[in-house]
Amino acid sequence: MKAKHQRLILASLAAVAVAGAGLLAAGALSDEAAYFRTPDEVRAGQATVGEAMRLGGMVQKGSIERLPDGVTIRFVATDGKASMPVVFTGIVPDLFKEESGMVADGKLRADGVFEAERILAKHDERYMPPQMGDIPKDAGSTIADTPA
Amino acid sequence: MIAEIGHALLWLAAALACMTLLAGALHLLAPKPELAALVRPASVAQGVLTLIAFALLMALFIRSDMSVELVARNSHSLKPMIFKIAGTWGNHEGSMLLWLTILGLSGGLIALFERRLRDDTLIATLTAQAALSIGFFAFLLFSSNPFNRLPVPPPDGAGLNPLLQDVGLAFHPPTLYIGYVGLSVAFSFAVGALITREIGPNFARAMRPWVLGSWIFLTLGITAGSYWAYYELGWGGWWFWDPVENVSLIPWLAGAALLHSVSVTATRDALRAWTVMLAVVAFSMSMLGTFIVRSGLLTSVHSFAVDPERGTFLLVLMAIYIGGALTLFALRAGALAEGKRFALMSREGALVANNLLLTVILAVVLLGTLYPILAEAMGEKVSIGPPYYDAVTGPIALVLFMLMVTGPLLKWRRDDGSVLKGRLPAMIAAAMLVLAGLIAFGGSIGVLPLLGMMVAAFVAVGSLAPLWKRNLRRTPLTIWGMVIAHLGVAVALAGIAAESAFIKEKLVAAAPGDTIEVGPYRVQFRGVKPVAGPNWTAIDAELVVVRPVGIDQILRPQARDYPGLMGAAPVETKEADFITLPGGHLFANIGQAMTDAGGVTRYQIAVKWKPLVWWIWTGGIMIALGGLLAMLGRAQLLDLWRRRRLAKAQERFA
C-alpha cells in the first residue's frame, strides 16, 4: 500500500470516528441536557409537568419539615421572586440547610410540587450551585421576613 | 520575617527564570556558549529557591502566624497538625505556589540529569520551561501573593472547611498538581524539540518518563478523589461527572493518549507530529482545567465577571502559551520529516486507533463540561449530567477497551494477525461465559452494564494474553507494567458495571432494635451513642450485621457537628461507614433524628449493598502500578545497575 493511500484510509477512519462520536454526542445533548429552572421561571410557565429538570434556589427559612414516614422532607425553594414546594425522600447532603443554596434534580408534579430525586451539595460552603448567579444570596431569609 | 524572606525568594526565583529565558533565547538565535552555560545552573537554582519559599510558607502555617493573610483566612491554631500542613496548599495562593515549586523542581531535575537530548534541544526545553514559570510567577506575585501580611492580625484564623479535613483529601490536590506539572514538562520538551527540529526517538525517550510519571500521579489523584467522594460526601456515589472531576479526567485522557503515542515515536520513530501535537493538547487541557477551577467560571459566568482579575490573567497566559506553541507547530510541521511507515494492521495501527478513541472521549467530556458555560453566556441555562456522559462515553470506551488488548498481540510495522487470531477465541469465550452467567442468575440488567461486564471479561483475558508461553521470570518489567495496567482497566470496568447493575439500597426511619434488609444482608440497628473528636462532636449509630451470621462486623455511620470557631459557621457532616466484603461493600449512612409523639426517637438510616464497588479503585491502583513498573523498567538507573551486575557476574566466571 502506498503511503498516500494509507494516510487517506487513516484520515477517513478518523473522520468516521469523529463524525460518529459527534452524532452520538449531539443526540445525547438534545435528549439529556436538563434545563435549569428557578422557581420564578417555573411560575412563568417555563417547565412542563413530568419533564426531567433541575431546580435551583435557596431553601426558605423555617420551611423544612419532616413527613411522618421519617424519611421524606418537604421544604420551600425560593429565588427571591417566587417560591415552590419541594419533596425529597432520602438523606439530604451535609451542606443542605435553611437559607443556603441547593440544586435538585427531579420533575414537576401536576399539583405544583417539585419531586426531587437527588439534591446536590458541593465540596465547599462558598460554592454556589452553577447557574445560580442571579439569585440573591439572602433570598432565603428576605422572603421569610416579608411574607408576600 | 519568614514571610518577607519567602516573598523575596520568590522574586529572586522569578528573576532567575527571566535570566534563563533571556540567555536561552539569545543562545538559540545565535550560539553563545557562555550564555548557554548559565541555563542549567539557573534552572536548578530557581527550583531550589522556590522550594525554600514553599517550605517557608509551610512553616508559617505550622506556626499559625495569623499576621499572614493567607494563614489567617485558611487555618486555625487548634487544627490538627496534619491539616495545618495541608492548609499550605488547600487554598488558591498556596496551590499556585505548590504548582510553581513542582515546575521549578522538574526544571532542575531536567537540568541535572537529562543526558539523552542534544545540548541545544535541552537548552531550548529549559528555556520553554522558564517561559512557563515566568507566567506563573507573574500570576502569583501580582495577583495572588501568598506572603501578604495583614495590617492588624486577627486573634485566630477562620479555619478550614471540615469537609476538607480529611487525610485522603489533604494529599489529593498535590497529587493532581504533580500530574499537571508533568504534562507541562512534556510540553516544554515538545516546544524545545520543535525549536531545534530534534523530533525523533531521542526526544521521545527523554519526554516519556515525564509523561508516564505525570500520568501515574493523575491516575492516583483521580482514584483518590473518587474514593474520597465515595466515603466523605456520604451518599456512596464514586463519580458524578461534576465539572471539577471532568477537568482532572480530561488531562488524564490526553496523557493516556500521549503516553502510547510517545512509545511509538520512541520505538519506531513514527507519529512524530501527532506526539508533539498531543503534548501541546495535554498541557492545554491541564491549563484549561486550572483556569476553569481557579477563575470561578464553574460556579457561574457571573461570578467570573465579578472578580475577573485572576481568570483574565490565566486566560491571557493560556492564550500566549498555547497560541505560541501552536504557531511554532504550524511553522515547523511542514518541515517535520515523515516518520517511519507502518501497515494499518500493526501495533502502530492499533495504537493510532486507541489514540483516536481516547481523543474522541476527551472531546465528548470537554464538550459536556464547556457546553453549559457557553450556553449560559448565550443566555440559556442548561445542565448536563451523568446521562449524557454515560450514554456517549460508555459505548466508545467499550470499543476502546477491546482495541486496547489487541494492540500488544500485534507486531510492530506489519502483522498478519495470526497471534491475535490464536488468542481471540479465549477472550470471546470469557465474554460469553459472563453473558451466560448473567442470563442465568443476573435478573434484569441494563444494556450498558451487561456489555460492560462482558467486555471486562474479554479485556481481562486479553490483557493477560501477552504473557502466554512467555518465561515469566524473564519477562521485562515494561511488559508486566502493560499487563497489570490493562488488567486494571478490566477490574475497574467490572466494578463499575457490576455496581450499577446490582446495587441494592434501603432507606428507613429506624428506632433502636429495628432490622433492615438489603440484598442478601440483614442488619440490626442497636442504637446511637455520643462521641467526640479533636474539633467535633458526633453521634455514632451502631448497625450489626445479623444475617448471614459470621461476619461479626459493626457498621458505625456518624453524624458530626463542627462547632463554628471564630465566626465560622457551624457545619454538620455525615461520615458514612462500610464493611468491605469479598463481594462488595455494605454501606451505611445516618441522617437526621426525629422524635414522634410517643417519645420514640427514630433515625434516618440508609443501608446499601454495592457489589464489587471496591474493584473500581483497585483497578485504578493497578493502572498506576502498571505505569510505575513501565517507568522502572525503562529507568536508566535500573539499567545501569543491571549492567553492573552482569559485568560482576562475568568477572566471577572469568
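What counts and how
- Residues numbered from 1 in each chain as written.
- Chains lettered and ligands numbered in written order.
- Predicted model: local features only at pLDDT ≥ 70, side-chain atom pairs only at ≥ 80, totals over all residues.
- Helix = DSSP H or I, 4+ residues; strand = E, 2+ residues; numbered from the N terminus.
- Buried ≥ 20, exposed ≤ 12 C-beta atoms within 10 Å, placed from the backbone.
- Core = buried A, V, L, I, M, F, W, Y, C linked by C-beta atoms within 7 Å.
- Contact = placed C-beta atoms within 7 Å.
- Pairing = 2+ DSSP bridges.
- Axes fitted to C-alpha atoms, helices over the stretch in contact; angles between N-to-C directions.
- Parallel < 35°, antiparallel > 145°, perpendicular 65-115°, else oblique.
- Left-handed = near helix turned anticlockwise from the far one by under 90°.

Draft legend 1. Region of the structure containing unusual backbone geometry. All names here are of chain B. Note that the residue after Arg547, namely Pro548, is joined by a cis bond; omega there is -5°. By secondary structure assignment, the location of Pro548 is in the loop between β5 (537-547) and β6 (554-555). Its identity is not glycine, yet Lys469 carries a phi of approximately 60°, on the positive side. Within the secondary structure layout, Lys469 lies in the loop between α17 (447-464) and α18 (477-502). Its 6 C-beta neighbours within 10 Å are what place Lys469 among the exposed residues. Even without being a glycine, Leu612 presents a positive backbone phi close to 60°. Looking at where Leu612 falls in the secondary structure, it is placed in the loop between β11 (601-611) and α19 (614-634). When the 22 C-beta atoms within 10 Å are taken as the criterion, Leu612 is described as buried.

Draft legend 2. Region of interest: the nonpolar core. Residues and elements named next belong to chain B. Among the nonpolar cores identified, the biggest contains 233 residues, and Ala186, Ala279, Val459 and Leu493 are the most heavily contacted of them. The leading source of residues in this core is α18, at 16 residues. Aside from chain neighbours lying at most four places away, what touches Leu493 is Phe401, Gly452, Val455, Ala456 and Val459.

Draft legend 3. Structural context of the sheet that holds strand β10 (residues 584-595) of chain B. Residue and element names in this part refer to chain B. On the basis of which strands lie adjacent, the open sheet formed by four strands has the order β2-β11-β10-β9 and antiparallel pairing. The strands lining the two open edges of the sheet, one partner per strand, are β2 (504-510) and β9 (577-581). Strand-to-strand twist of the sheet, defined as the mean angle between neighbouring strand axes without regard to direction, takes the value 15°. In terms of strand pairing, β9 meets β10 through five bridges, oriented antiparallel. In the sheet register, Thr580 faces β10, and the bridge partner there is His585.

Draft legend 4. Quick look at the packing of helix α14 (residues 347-377) of chain B against helix α15 (residues 386-406) of chain B. All names here are of chain B. The geometry of α14 relative to α15 is characterised by a closest axis approach of 9 Å and an angle of 165° between their N-to-C directions. Taken together, the axes of α14 and α15 lie roughly antiparallel to each other. Between α14 and α15 lies a crossing whose hand is left-handed. Residues Ala350, Ala353, Asn354, Leu357, Leu358, Val360, Ile361, Val364, Val365 and Gly368 of α14 form the contact with α15, whose own contacting residues are Tyr388, Tyr389, Val392, Thr393, Ile396, Ala397, Val399, Leu400, Leu403, Met404 and Thr406.

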